[in-house]
Amino acid sequence: MATFVDRYPEEASVVKASLVVSFVALGIGALFGLVQALHRTGYFRVIDSVDYYTVLTGHGVLLALVFTIFFLVGLFTWAVVQSLERPLPDIRLTWAWFGLTTTGAVFVAVAILAGFVPSIDMSADVLYTFYAPLQAHPLFYVGLAMFIVGTWLAGADWFLAYRDWRGDNPDERIPLQTFMVLTTMLMWYLSTIGVAVSTVFFLIPWSFGIVETVNPLLTRTLFWFFGHPVVYFWLMPAYLMWYTVMPKLAGGRLFSDPLARVVFVLFLLLSTPVGIHHQYLDPGIAEGFKFIAMTNTMFLLLPSLLTAFTVVASVEHGARQRGGEGYIKWLGALPWRDPAFTGMALAGALFAAGGFSGMINAGMNINYLIHNTLWVPGHFHLTVGTAVALTMMAGSYWLVPQLTGKRLYSRPIGLLQVVLWFVGMVFMSNAMHRAGLVGIPRRTAEPQYQSFDFSAVIGTVGELRAQIALGGFLLFVSVVLFLFNLLLSAFEEPIENPVDDSLPAPLSGASGSPVVLDNLRLWTAIAIVLVILAYTLPLASIVGDAGLFGNVPGVPVWVSANAEVTIEALTEVIA
Ligand code: HEM
Ligand SMILES: [Cu+2]
């Protein structure tokens, strides 16, 4: 039968609903991004500087957590159903996890946005990293907990579908897309333990006033226990599309299925025992533990390099199928007019650049140079902000027609949109990296630090600011085009085959590869052992130093309303 929505109408509804939540978050988050970019460069100030952290928290949470993860649950649902070729076992469970994650996300958003309204005594300007001692309204943490439990149930839904399939197909290899979903979810279960423990045992009781104090280093460490693997949680949907969809769009086939499996297994094993690399500058963690985290991090480069190789090889194969020739000339034979392909290719190109700046972040000594400067947002707007976000937007041009049965409103606008994102991001991210190198801090509305002069090594600081503002503006326009294109597509007439949705078999299939690759129990067990090795001693020493509940009272975040309380709390912390 025709396309996904015709075969699995109920599942298509859940996927569509997830994407709607995702794109609403994208729209609001992008608006906040523009506000920040123009505010901190001094070009245009619509908000009061004290509201900057409300905007920044909204931007970080809505984009990095809501937009990405709702897209992920939609995409994974589609991937499991279409690769197992069967509906989900019980659609009520599916709607239940969708309802729970959405309610959680709404709670979180309300807690943050209430920060704009002085008359409401609620604020959650704790940034998307939300560790203590900054303290948000309890609604924020409760919403987060619901959101995370919702993602766990989504994983359960996919595992149940897999179990049913396994019952009918005892000897077959796990279909590749389902394999990717399951390994990613195993990594997610393992890594969200950190944030779940932190939220449920420490942050929620503390925000309700049930316990008086926290151990900030403990909540930071538990956050980063989750905070590094979450970057792979963002990336894996993009990888899923690069491996299984992009070769097809390029006119070819995936180069190697087993290599793709190896990559996903490596991410399951290596994603979690590295979080301490975000804490190189935290006092209270011994240098040796940081060194171990750095070493593990460098190993993590391997699966990304394997991906670069496999994906480029598959795309090159596609180009040669289309008549491409030569060492470089084949690039010209690729379908550059297809916004889905071009968006993913441009996303991959900027991901490579993000990989390089990531290696700088990962180096323990060189990290000190760029720590907490604008370099860091420069880096992750290439990775999550482009490799992931642009792949998701580009992928939508191919995916959404399968969910609605309607063709895309305009491919040329789609093409313009992905190119605008690329150009905007080159401006914004490059300038952010350079600004970081001269020490301009991140996370501040007033980076000029009154009467303090930053001077650029090459060019001027004024020129850097102009590039950040221009880049931010182009990115915002790109999001507006994306959303309008999808919105207008909703008014198209349904047709039989709005998009060619067949996925060709890989050149080198799974059948010849070691069966052990599909042994999910084994890989999970090893992943757990690695986490225990990496975290037992650091956590024991953190708890040993300051106790489970520490001795730091909360620092309320509503600065303008309660300046005195804040100063009091800060004085207490310092004393
Ligand atoms: C319209 C496009 C975007 C613009 C103009 C934009 C702009 C910015 C700017 C200027 C900052 C730095 C603020 C500061 O440190 O003072 C920032 C931070 C950030 N952005 Fe974006 N961004 C955009 C899209 C995205 C996307 C797509 C994502 C992720 C999917 C993202 C995730 C983040 C995160 C996580 C932060 C850090 C928040 C924090 O420090 O707590 N941004 N953005
Ligand atoms: Cu990391």
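Along each chain, residues carry numbers from 1 onward, in the same order as the chain's sequence is written. Each chain takes a letter, starting from A, and each ligand takes a number, starting from 1, following the order in which they are written. Per-residue local features are limited, in this predicted model, to residues with pLDDT of at least 70; the limit for side-chain atom pairs, both in listing and counting, is 80 or more; totals at the level of whole chains, interfaces and linings are taken over all residues. The side-chain quantities take in all heavy atoms of the structure and omit both hydrogens and water.

Engineer: What exactly am I supposed to notice about the coordination of the copper ion (ligand 2) here?
Structural biologist: When four donors bind a metal tetrahedrally, each ideal donor-metal-donor angle is 109.5 degrees, and when six bind octahedrally, the ideal angles are 90 or 180 degrees. A 2.8 Å cut-off from the metal defines N, O and S donors, relaxed to 3.2 Å for Na, K and Ca; water is not in the atom list, so some sites may appear incomplete. Each protein donor to the copper ion (ligand 2) is listed here as His228 (ND1), His277 (NE2) and His278 (NE2); together their distances run 1.8 to 2.0 Å. For the copper ion (ligand 2), the donor residues sit on a single chain with the sequence spacing H-x48-H-H. The buried label applies to any residue whose accessible area, calculated with a 1.4 Å probe on protein chains only, is under 20% of its type's maximum; exposed applies above 50%, and partly exposed to all values in between. Using a relative accessible area of 25% as the deciding quantity, one classes histidine 278 as partly exposed.

Engineer: Looking at this structure, how should I read the site of ligand 1?
Structural biologist: The cutoff for a nearby residue is simple: one of its non-hydrogen atoms must lie within 4 Å of the molecule or strand. Taken together, 27 residues lie near ligand 1, and Arg40, Tyr52, His59, His381 and Arg443 sit nearest. Interatomic distance of 2.6 Å between a side-chain N/O atom of tyrosine 52 and an oxygen atom of ligand 1. Where helices and strands are cited, they refer to DSSP runs of H or I of at least four residues and of E of at least two residues respectively, numbered from the N terminus. Elements represented by at least two residues in the shell around ligand 1 include exactly helix H2 (9-40), helix H3 (52-84), helix H15 (375-404), helix H16 (411-437) and helix H17 (461-489). Tallied by class, residues from the shell around ligand 1 come to 17 nonpolar, seven polar and three charged. Whenever two N or O atoms come within 3.5 Å, that pair is a polar contact, provided that in protein one can donate a hydrogen and the other can accept it, and provided that, for residues adjacent in sequence, both atoms are side-chain atoms. Gly counts as polar in this scheme, as do all residues outside two lists: the nonpolar Ala, Val, Leu, Ile, Met, Phe, Trp, Tyr, Cys and Pro, and the charged Asp, Glu, Lys and Arg.

Engineer: Whenever I open this one, the pattern of salt bridges confuses me. Can you help?
Structural biologist: A side chain with one charge may pair with a side chain of the opposite charge, provided their charged atoms come close. The rule for a salt bridge is simple: a side-chain nitrogen of Lys or Arg has to be within 4 Å of a carboxyl oxygen of Asp or Glu. Per the counting criterion, the structure on display carries 12 salt bridges. Aspartate 501 is the partner of arginine 7 in a salt bridge, and the nearest nitrogen-oxygen pair spans 3.4 Å. Here arginine 7, found in helix H1 (residues 4-7), pairs with aspartate 501, found in the loop between H17 and helix H18 (520-546); they are 494 residues apart in sequence, far enough to count as distant. A salt bridge links aspartate 90 to arginine 92; its shortest N-O distance comes to 3.1 Å.

Engineer: Help me out: how do you make sense of the side chain of glutamate 11 in this one?
Structural biologist: Tracing the sequence through the fold places glutamate 11 in helix H2. The side chain of glutamate 11 sits in the buried core without any salt bridge; arginine 86 is the nearest counter-charge, 10 Å away. In this structure glutamate 11 touches Phe4, Val81, Pro87, Leu88 and Ile91, once residues within four positions along its chain are discounted. Positive charges come from Lys and Arg alone, negative charges from Asp and Glu alone, with His and the N- and C-terminal ends not counted. Here, residues are in contact when the closest pair of their heavy atoms is within 4.5 Å.

Engineer: Any chance you could explain the coordination of the iron atom of ligand 1 here in plain terms?
Structural biologist: Distances from the iron atom of ligand 1 to its protein donors, His59 (NE2) and His381 (NE2), fall within 2.0 Å. One way to put it: the six donor atoms around the iron atom of ligand 1 meet at angles of 87 to 180°, and that makes the site octahedral. Of this pair, histidine 59 sits in helix H3 while histidine 381 sits in helix H15, and the two are 322 residues apart along the sequence. Histidine 381 matches histidine 59 in its accessibility class, with the two residues each being buried. By the criteria applied here, four donors are tetrahedral when all angles lie between 85 and 135 degrees, four are square planar and six octahedral when opposite donors are over 155 degrees apart and every other angle lies between 65 and 115, and any other arrangement is irregular.

Engineer: Help me understand unusual backbone geometry, please; the structure alone is not making it clear to me.
Structural biologist: With the exception of glycine, the majority of residues adopt a negative phi angle, and the majority of peptide bonds are in the trans configuration. A cis amide bond links alanine 132 to the next residue, proline 133, at an omega of 10°. Within the element layout of this structure, proline 133 appears in the loop between helix H4 (91-113) and strand S1 (134-135). Phi at phenylalanine 130 is positive, roughly 30°, even though this residue is not glycine. Mapped onto the elements of the fold, phenylalanine 130 is located in the loop between H4 and S1.

Engineer: Just checking my understanding: could you explain the environment of tryptophan 375 for this structure?
Structural biologist: Looking at the element boundaries, tryptophan 375 is found in helix H15. Here tryptophan 375 falls in the buried class, since its relative accessible area comes to 9%. A sequence separation of 59 residues divides tryptophan 375 from arginine 434, and the C-alpha atoms of the two residues are 6.8 Å apart. Ignoring any residue separated from it by four or fewer positions in sequence, one finds tryptophan 375 in contact with Ser357, Ile360, Asn361, Ile370, Met432, His433, Gly436 and Leu437.

Engineer: Can you help me understand H2 in this one?
Structural biologist: Multiplying one less than the number of residues by 1.5 Å gives the expected span of a helix. Between its first and last C-alpha, H2 extends 46 Å over 32 residues, near the 46 Å set by a 1.5 Å rise per residue. Here H2 lies mainly inside the structure; 23 of its 32 residues are buried. Among the residues trailing H2, glycine 42 stands out with phi positive, at a value near 80°.

Engineer: When you look at a nonpolar patch on the surface in this model, what are you seeing that I'm missing?
Structural biologist: Together, Tyr409, Ile413, Val480, Phe484, Leu487, Leu488 and Phe491 line one region of the surface with nonpolar side chains, adding up to about 670 Å² of accessible area. In terms of residue count, H17 provides more of the nonpolar patch than any other element does, four residues in total. As for its placement among the helices and strands, valine 480 is situated in helix H17. With a relative accessible area of 30%, valine 480 lands in the partly exposed category. Each patch is built from residues that are more than 30% exposed by relative accessible area and take part in no salt bridge. Like charges join if they lie within 9 Å; nonpolar side chains (Val, Leu, Ile, Met, Phe, Trp, Tyr) join within 5 Å. Only the protein chains shown count as cover for residues, with accessible areas throughout obtained via the Shrake-Rupley method and a probe of 1.4 Å.

Engineer: Looking at this structure, I do not really get the side chain of aspartate 125. What am I missing?
Structural biologist: Tracing the backbone shows aspartate 125 in the loop between H4 and S1. Nearest to the buried, unbridged aspartate 125 among oppositely charged side chains is arginine 443, at 12 Å. Of the polar contacts made by the side chain of aspartate 125, one reaches the side chain of threonine 54; its length is 2.9 Å. Ignoring sequence-local partners within four residues, the contact set of aspartate 125 consists of Tyr53, Thr54, Thr57, Ile112, Leu134 and Val557.

Engineer: How should helix H8 (residues 229-244) be read in this particular structure?
Structural biologist: Residue pairs three or four apart in sequence face the same way in an α-helix, which turns once every 3.6 residues. For H8, built from 16 residues, the straight-helix expectation of 22 Å at 1.5 Å per residue is met to within 8% by its first-to-last C-alpha distance of 22 Å. The principal kink in H8, of about 30°, is found at leucine 235, preceding the proline proline 237 by one to four residues. Axes are fitted to the seven residues ending at a residue and to the seven starting at it; the angle between these axes is taken as the bend at that residue.

Engineer: Quick question: what am I supposed to make of the packing of aromatic side chains here?
Structural biologist: Each aromatic ring pair is described using two quantities: the centre-to-centre distance and the angle formed by the ring planes. Here the aromatic set is Phe, Tyr and Trp, taking the six-membered ring for Trp, and pairing holds for ring centres within 6.5 Å; pairs whose planes are under 30 degrees apart are stacked, those over 60 apart are edge-to-face, and all others are tilted. Per the counting criterion, the structure on display carries 33 aromatic pairs. Here phenylalanine 23 and phenylalanine 482 contribute two aromatic rings whose centre-to-centre distance is 5.1 Å and whose plane-to-plane angle is 85°, an arrangement assigned as edge-to-face. In this pair, phenylalanine 23 is assigned in helix H2 and phenylalanine 482 in helix H17, connecting sequence segments 459 residues apart. Summarising the burial analysis for this pair, phenylalanine 23 and phenylalanine 482 share the class buried.

Engineer: Is there a simple way to explain the nonpolar core in this structure?
Structural biologist: Soluble, globular proteins show a tendency: their nonpolar side chains are buried together. By nonpolar core is meant a set of buried Ala, Val, Leu, Ile, Met, Phe, Trp, Tyr and Cys residues that side-chain atoms within 4.5 Å join together. By size, the foremost hydrophobic cluster in this structure holds 174 residues, and its most contacted members are Trp78, Phe140, Trp158, Tyr239, Trp242 and Tyr243. Broken down by element, the residue count for this core peaks at 19 residues, all from H3. Every residue in contact with phenylalanine 140, bar those within four places of it in the chain, is listed here: Val108, Ala111, Ile112, Ala124, Val126 and Phe130. Phe32, Tyr52, Leu56 and Ala445 belong to the second largest nonpolar core, which has eight residues in total.

Engineer: Help me out: how do you make sense of the packing of H15 against H16 in this one?
Structural biologist: Any two packed helices are characterised by how steeply their axes cross, that is the angle between the axes, and by the distance between the axes. H16 packs onto H15 with a crossing angle of 170° between their chain directions and a minimal axis gap of 8 Å. Taken together, H15 and H16 sit at an angle that is classed as roughly antiparallel. Looking at side-chain class alone, the contact of H15 with H16 contains 14 nonpolar, 10 polar and no charged residues. For helices, the axis comes from a line fit to the C-alpha atoms of the stretch in contact; other axes are also lines fit to C-alpha atoms, and the angle between any two N-to-C directions lies between 0 and 180 degrees. Here the word oblique covers every angle except those under 35 degrees (roughly parallel), over 145 (roughly antiparallel) and from 65 to 115 (roughly perpendicular).

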